[in-house]
Amino acid sequence: MKYGTFQLEEAGGTVLAHSIRLSSGRISKGQVLSREDIVRLSEEGIASVVAVRLDSGDLLEDEAAATIAGAIPPDNLRFSEATTGRVNVYAKVDGLFVADKTVVDALNRIDPAITLACLADHVVVRAGDMVATVKIIPLAVGGKKIAQAVSLLAESVAFEVKTFRPRAVTLVATELPSLKASVMDRTARLLEHRLALSGSRLIKEIRIPHSAERLTEVFQQLMLQEINEPAMVIVFGASAVADKDDVIPAAIRAAGGDVEQVGMPVDPGNLLVLGRIGDVPVLGAPGCARSPKENGFDWVLNRLMAGETPTSFDITGMGVGGLLMEIPTRPRPRDATTEKAKLLSVGALLLAAGQARRMGKDGPHKLLAEFDSVPLVRRVAEMLLASQAAPVVAVTGHRREEVEAALSGLDIRSQFNPDYPSGMASSLVAGFSAPELASGDGVLVMLGDMPGVTAEHVNMLVSAFREAGGGVVVRSVSEGKRGNPIILPRIAYDAVLRLEGDVGARAIIENSGLSVIDVDIGPAAHLDVDTPEAVTAAGGILRG
C-alpha cells in the first residue's frame, strides 16, 4: 500500500484519502477513483489528489473491519455494518461482558492499523449496549495482517457476553438486638432489586439468631428442600465477619460445605464470604451490600448469576480497580471535608406538566393562578432561581404555551413532555434526561403548585445534602410527616429513568436502600393547591 500525492493521470484506481467538494457534487474519502471521477476532478481544475494505491492482497477499510468482526464468535452479540472502517458490536441479551485482556492486547499489537476497543472485563450489560468496536485506522490494510488477526480470534475468545442464569435465592439474615428490623426489611428489598437484574428471584427470607449452630441447622434444612431451578443462599450477618472461623464460614463447613474465600481486595466489600454446599453457592454478604452502591458483593454475585464459578484465585485478583467510591452507609466519607461538600452540585427540576384534573374540566389552570399578581408557576421558578439549587429545568406539558409564557424571561430551561397525560413518571423521566441535570450530584424535585416553599427552605435541603456528602435522599417533612420537595442523589437517576405510569419518586425512596435525611420545613411541605378552593385559601386568585 502506497500513500501519497498522485497526479490525475496516474490516480485512476487509487483510494481517495480526503473528501473533495466539487461544484458538481462531492467525492467522499475512501472512494476508489474511477475514470469518471478523474474527468470530474480535471474539469474542476484539480491536478493531483492525496490517495492510497493498494498492493496485491490489501483490503479496504470496510472489508478489513468486517473480516475481523466476522471472526468474533457471534453468540449473544449483534454487529453493525462496516462503515468508515468501523464495526460496532452490541449485546443482544442482558448479561455479563467478559473480556480476555491478553487476547485483546495481542490483536491490537499486530499492526497499528488494526484496533479493537471494548468494555472493561466483567461488567454488567443490557441488551442493546455497545460492548466493543473494531476500527481500521488507514484506508486499507495488508491482507496478511488481517489474516493474522483472524487466526488469533479463531484460536482464542477476545470477549463475550454471558447470559444471566436466573436462580431461586434464599436470604438468611441473622439477628442481634442492635440490628433494627427496618434495616433488615430494606436489605431484603434491595436484594430483590439486585436479583431482578439477572431475572433471579427471592423465594424466601429466614431470620435467625446470630450463631453458627443455628445457621448450620438452616443450611442443612435448605439443602434437603427440592427447588426446580438453580438455588443460591445469601447470608446477611448481623455483625461483620472477623475471622475465617467466624459464624458464616464456620456454619458453611459444619453443614458439609466448602469455604472458597473469606475476604476480598475490594473496598467496599472486604468482608465477603464465598462458599458452596454441594452445588449450591453460599454468599456471605459484607455490610456494604445493604447499600445499592456498587461494591465487591455485586462483582461476585454477577459472576455467579452469569454461570461462572469464582475461585479464590479470581477473587484475590480483583485488587486493581477494587478501590470503589464511597457508599452512603458510611457515617463519614473518607477524606471528606467541608470544602469538598460545598462543591456538590444540586440542580432543580420544576414539575409543571400535570393536567390539574381536580381544578375541573376546562377550568382555570392552578399554575397560572396569581399570588401577589405573579402566576404561581413563575413564583415557584423565581424562588428556585433565588436558592442554592442550580440550574433550573421546568418540565411542561398540559397547556404548555401558557405555562411557558408565564416563565418567559427567566434563566431556566423548559423541557416539554409530550407524554404528560400518562402521569408524573414521564415528567420525571423527561426532567432527569435533561443534560443540565444529568451531570449533577443531586436533583431537587419541586412541584409547581406549592406556594409556601421558600428559597430558605430549599437551601436547608441543599445544605443537608452537601453536609451528608451526597449519595443520600433529602426529604421535606412537617411534624414528622413526609412532604415535598425532595432531593435525589445521582445514584438514583437510573431508577428514575425506569419509572412508568402515574407514580413519583416515593417508590424509589422506599425501595432503594438509600439513607434518607428528613428536614422539617414546616407546613409548607404539605401545602399544595390542587383545587380552586385550595388556591383561594392559600391567597391565590384564579384568572380565566
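One structure accompanies this document, and this report is about it. (Residues numbered from 1 in each chain as written. Predicted model: local features only at pLDDT ≥ 70, side-chain atom pairs only at ≥ 80, totals over all residues. Heavy atoms only, no water.)

### Considerations on the pattern of salt bridges
Overall, the coordinates contain 19 salt bridges when judged by the stated rule. For the salt bridge of Arg-126 with Asp-94, the shortest nitrogen-to-oxygen distance reads 3.4 Å. Taken together, the residues Arg-126 in the loop between β11 (123–125) and β12 (130–136) and Asp-94 in the loop between β8 (86–91) and β9 (95–99) connect sequence positions 32 residues apart. The exposure class of Arg-126 is partly exposed, given its relative accessible area of 36%. Between Arg-399 and Glu-402 there is a salt bridge, and its shortest N-O distance comes to 2.9 Å. By relative accessible area, which is 27% here, Arg-399 ends up partly exposed. Each of Asp-185, Glu-205 and Arg-207 takes part in salt bridges that share partners, so that together they form one network. (Salt bridge = Lys/Arg side-chain N within 4 Å of Asp/Glu carboxyl O. Helix = DSSP H or I, 4+ residues; strand = E, 2+ residues; numbered from the N terminus. Buried < 20%, exposed > 50% of the residue type's maximum accessible area, 1.4 Å probe, protein only.)

### Notes on unusual backbone geometry
A cis geometry characterises the amide bond from Ala-390 onward to Pro-391, with omega recorded as 0 degrees. Note the cis peptide between Asn-484 and Pro-485, where omega equals 5 degrees. Not every positive phi belongs to a glycine, and Arg-399 is a case in point at roughly 50 degrees.

### Structural notes on the nonpolar core
In this structure, Leu-349, Leu-384, Phe-432, Leu-444 and Met-446 are the most contacted members of the largest nonpolar core, which totals 67 residues. Once residues lying within four places of it in the same chain are set aside, the contact partners of Leu-349 are Val-393, Val-395, Leu-428, Gly-431, Phe-432, Leu-437, Val-443, Leu-444, Val-445 and Met-446. Counting residues in each nonpolar core, the second largest holds 33 residues, with Ala-64, Ala-65, Ala-91 and Ala-113 among its members. (Core = buried A, V, L, I, M, F, W, Y, C linked by side-chain atoms within 4.5 Å. Contact = heavy atoms within 4.5 Å.)

### A few points about the sheet that holds β12
Spatial ordering of the open sheet is given by β7-β8-β12-β10, a layout of 4 strands whose pairing is antiparallel. Among the strands making up the open sheet, the edge pair consists of β7 (77–79) and β10 (114–118). The sheet shows a mean angle of 15 degrees between the axes of neighbouring strands, taken without regard to direction. Of the strand pairs in this sheet, β7 and β8 are connected by 3 bridges, and their pairing is antiparallel. Its bridge partner being in β8, Arg-78 is matched across the sheet by Tyr-90. (Pairing = 2+ DSSP bridges. Axes fitted to C-alpha atoms, helices over the stretch in contact; angles between N-to-C directions.)

### Describing the environment of Met-460
Residue position: Met-460 is located in helix α15 (residues 455–467). The exposure class assigned to Met-460 is partly exposed, which follows from its relative accessible area of 33%. It is 23 Å that separates the C-alpha atoms of Met-460 and Val-529, two residues lying 69 residues apart in sequence.

### Quick word on the side chain of Asn-302
Within the secondary structure, Asn-302 is located in helix α8 (residues 296–305). Residue class for Asn-302 comes out buried when judged on its relative accessible area of 14%. In this structure Asn-302 touches Leu-96, Val-124, Phe-164 and Leu-197, once residues within four positions along its chain are discounted.

### Focus: helix α4 (residues 143–155)
Helix length check: α4, at 13 residues, gives a terminal C-alpha distance of 19 Å against a target of 18 Å (1.5 Å per residue), a fit within 8%. Considering only its buried residues, α4 is in contact with β6 (59–60), α2 (61–70), α3 (101–108), β10 and β13 (140–141). (Expected span 1.5 Å × (residues − 1).)

### Some words on the packing of helix α6 (residues 212–224) against helix α7 (residues 247–254)
Interhelical geometry of α6 versus α7 gives an angle of 45 degrees and a closest axis separation of 8 Å. As summarised for this structure, α6 and α7 are arranged oblique, according to the angle between their axes. Considering how the two elements wind past one another, α6 and α7 form a crossing that is right-handed. Every residue of α7 that contacts α6 at Ala-212, Leu-215, Thr-216, Phe-219 and Gln-220 is listed here: Val-247, Ile-248, Ala-250, Ala-251, Ile-252 and Ala-254. Of the residues contributing to the contact of α6 with α7, the split by class is 9 nonpolar, 2 polar and no charged. (Parallel < 35°, antiparallel > 145°, perpendicular 65-115°, else oblique. Left-handed = near helix turned anticlockwise from the far one by under 90°. Nonpolar A, V, L, I, M, F, W, Y, C, P; charged D, E, K, R; others polar.)

### Some remarks on the sheet that holds strand β16 (residues 201–209)
Strand order in the open sheet formed by 6 strands is β16-β15-β17-β20-β19-β18, and the pairing between neighbours is mixed. The open sheet terminates on both sides in strands that have one partner only, identified here as β16 and β18 (258–262). Taken over all neighbouring pairs, the strand axes of this sheet differ in orientation by 20 degrees on average, direction set aside. As defined by bridge partners, β18 adjoins strand β19 (residues 273–277) across 4 bridges and the pair is classed as antiparallel.

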